[in-house]
Amino acid sequence: MSQVATAKRPIVWTIAGSDSGGGAGIQADLLTIQDLGGHGCSVITALTAQSSVAVDHVEPVSDIGFIAQLDTLWADLKPSAIKIGLLTGPAQATLLADWFAAGAAQGQGALPPIVLDPVLVASSGAMLNTVEASDQFDALLPYVDLITPNGDELAALTGVVIDSPGAVVQACEQLLARGARAVLAKGGHLFVQGEHRHGDKDAPRCVDLLYSAERKALFDGPRIATHNTHGSGCTLSSALATVLAQDYVLEDALCVVRAYLHNGLVASQQYGDGPGPLARTGWPTQLESFPRIPLPGSALRRAYGLDAPLLTDRDAYIPSGGTEQSNTAIPFADCDVAALGVYPVVDSVDWVEQLLTLGVKTLQLRIKDKSADEVEQDIARAIALGHAFEARLFINDYWQLAIKHGAYGVHLGQEDMAVADLAAIQRAGLKLGLSTHGYYEILRAHALQPSYIAMGHIFPTPTKAMPSAPQGLERLSKYVALVQPHRPAVAIGGIDIPRAFEVAKSGVGSIAVVRAVTQADDIGAALTALQQAFDSAPTLPTQTLSPECTAHA
Ligand SMILES: Cc1ncc(COP(=O)(O)OP(=O)(O)O)c(N)n1
Ligand SMILES: Cc1nc(C(=O)O)sc1CCOP(=O)(O)O
Ligand SMILES: [Mg+2]
């Protein structure tokens, strides 16, 4: 029998307590790790006699047994990420911190990403960790990449009364000052009657705050009306470790994890008399499950003091509320086709003219680092040519000139999004394409309802210095499935003729290319070969577009 080789799962450790009820702790972690593509290993800190209604006994493992598990695993099954859950008190936390320190001192190599869920209370309400020392995890903080307290844990760890977004930020600041690298302040239990009932008819929201010196992000979604929350903190932290083990950046991993929790809560079932566990629903694929990312300047970010008030025209445009994936932004004009096809990106009006003459129907003028005065004539001429050939010509960066000269569309990057007058582009009826480089940016772009979303860079490219890592084909397929039911998607970065077929197999409706066209010996033949890659690739169901796109196809 022939066997198809599958990619090896990354090893993920969970250092946590056993929950005999199966909904939380080690049991929930191993199910989650497996469900999201990891291979789980366990270091048990305590056994608990626990059901959905009670914790009747907590028995820490011996120090020797604890360290033996760590040593044995390290010798053979080195982790790509670690989740730390229930520790029975400061002694165990210090033991673990000392083990990390000894490994570092012996030059055993860099630790992988480590997520600490500071477990204090079970969802039944029973105390799991009865030690009241607010600094009991502090010895671990230098080794931990992210600590994930819920509101009660944040209060217990900091002494701050968590009664407002400002208090959440104050508590996070305190943890950073004590050595935490980053905090995810989970909003699952917070402000049920308060600030987070915004927009959509008072539906309660769940807003998580990611807070570190470099990172300040909010993840906003509906609060799922269920009592089946047993093990939600364990599930979140082990899911996060598993996604981080697959090399996703933290913001992207948190988007996936929030969607995973959303789906797990929605599909959860009750088994005993108390709260049931989350369902295991696999890698999330539907945009509706994912969190909404409040944009810079939005009311929610301002409530957390993350952005100063914006008092510009643009401010009125920023979506601030709404249901999980809708918002108050006015959609940008639809592209007149559902799939933009082969999409060359070039840097001169001569190139634009040559490609139009060869029959190209979607293209971009991307001139870098020149003043508006220097480029205006060329941009005006390119736009006029685009109209004459009835083509979709997008202007990169120079959105004021694109409006002034009536371009088909504008393409903007993530940084441009924060400063461009999006309302003016929308009012002028120009299409808007946005660059993204992972889940977080995709969700942020989606909130603006652009005409298309570009996803890059798929492969390494020398054309542009990229701060992010290449996404690869597997992620591209995931992003296409997420985006393309809602609006056209474009893949960009390192795509050449040999790779175009594999890229097209992801179902993406368009590939944007620079070198594949500009460095081709025979430009017409290159365009034909790229088009043929599309025509011959099997079409995946993800190419189905929503009615608002297909109406114009
Ligand atoms: C189709 C397409 N996708 C991505 C980009 C990159 O745009 P941006 O992030 O604004 O970077 P620069 O191109 O300005 O360097 C693009 N131009 N086109
Ligand atoms: C302009 C650009 N933007 C990218 C992104 O990922 O946002 S990648 C890229 C360069 C693409 O050039 P080539 O086809 O020569 O690799
Ligand atoms: Mg740009």
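Each remark here, short or long, concerns the structure printed above.
Because the structure is predicted, anything quoted here is derived from the model rather than measured.

## Let's talk about the overall build of the chain
(1) Moving on: For the chain, the helix and strand inventory stands at 20 helices and 17 strands.
(2) Moving on: Expressed as a percentage of its 553 residues, the buried residues of the chain come to 56%.
(3) Moving on: Across the chain, every contact between residues at least 6 apart in sequence was considered, and the portion connecting residues at least 24 apart equals 67%.
(4) Moving on: Summed over all atoms, the accessible surface of the chain reaches about 22,200 Å², with 54% contributed by carbon and sulfur.

## Things to note about the side chain of S435
(1) Moving on: Structurally, S435 is set in strand β14 (residues 431-436).
(2) Moving on: On the basis of relative accessible area, S435 is assigned to the buried category, the value being 17%.
(3) Moving on: If sequence neighbours within four positions are ignored, S435 has contacts with H411, L412, G413, Q414, E441 and A454.

## Focus: the packing of helix α4 (residues 151-158) against helix α5 (residues 165-177)
(1) Moving on: Taken N-terminus to C-terminus, the directions of α4 and α5 make an angle of 55 degrees; their axes are 10 Å apart at the nearest point. With respect to each other, α4 and α5 are oriented oblique. Relative to α5, the crossing made by α4 is left-handed. Note on element contacts: α5 touches α4 through V168, A171, Q174 and L175, opposite L154, L157 and T158.
(2) Moving on: Across the contact of α4 with α5, the residue classes tally to 5 nonpolar, 2 polar and no charged.

## Some thoughts on the site of ligand 1
(1) Moving on: Close contacts around ligand 1 come from 16 residues, with Q364, R366, K368, S435 and K464 the closest.
(2) Moving on: A distance of 2.5 Å separates an oxygen atom of ligand 1 from a polar atom in the side chain of K368.
(3) Moving on: Isolated, ligand 1 exposes 420 Å² of accessible area, and the fraction of that covered by the protein chains is 91%.
(4) Moving on: Within the residue set of the shell around ligand 1, elements represented by two or more residues are β13 (409-412) and β15 (452-455).
(5) Moving on: Residue composition of the shell around ligand 1, grouped by class: 6 nonpolar, 5 polar and 5 charged.

About the criteria used
- Residues numbered from 1 in each chain as written.
- Chains lettered and ligands numbered in written order.
- Predicted model: local features only at pLDDT ≥ 70, side-chain atom pairs only at ≥ 80, totals over all residues.
- Heavy atoms only, no water.
- Helix = DSSP H or I, 4+ residues; strand = E, 2+ residues; numbered from the N terminus.
- Buried < 20%, exposed > 50% of the residue type's maximum accessible area, 1.4 Å probe, protein only.
- Contact = heavy atoms within 4.5 Å.
- Areas by Shrake-Rupley, 256 points an atom, 1.4 Å probe, with all protein chains shown as cover.
- Axes fitted to C-alpha atoms, helices over the stretch in contact; angles between N-to-C directions.
- Parallel < 35°, antiparallel > 145°, perpendicular 65-115°, else oblique.
- Left-handed = near helix turned anticlockwise from the far one by under 90°.
- Nonpolar A, V, L, I, M, F, W, Y, C, P; charged D, E, K, R; others polar.
- Near = heavy atom within 4 Å.
- Polar contact = N/O pair within 3.5 Å; in protein donor to acceptor, adjacent residues only side chain to side chain.

None of this, on its own, says anything about what the molecule does.
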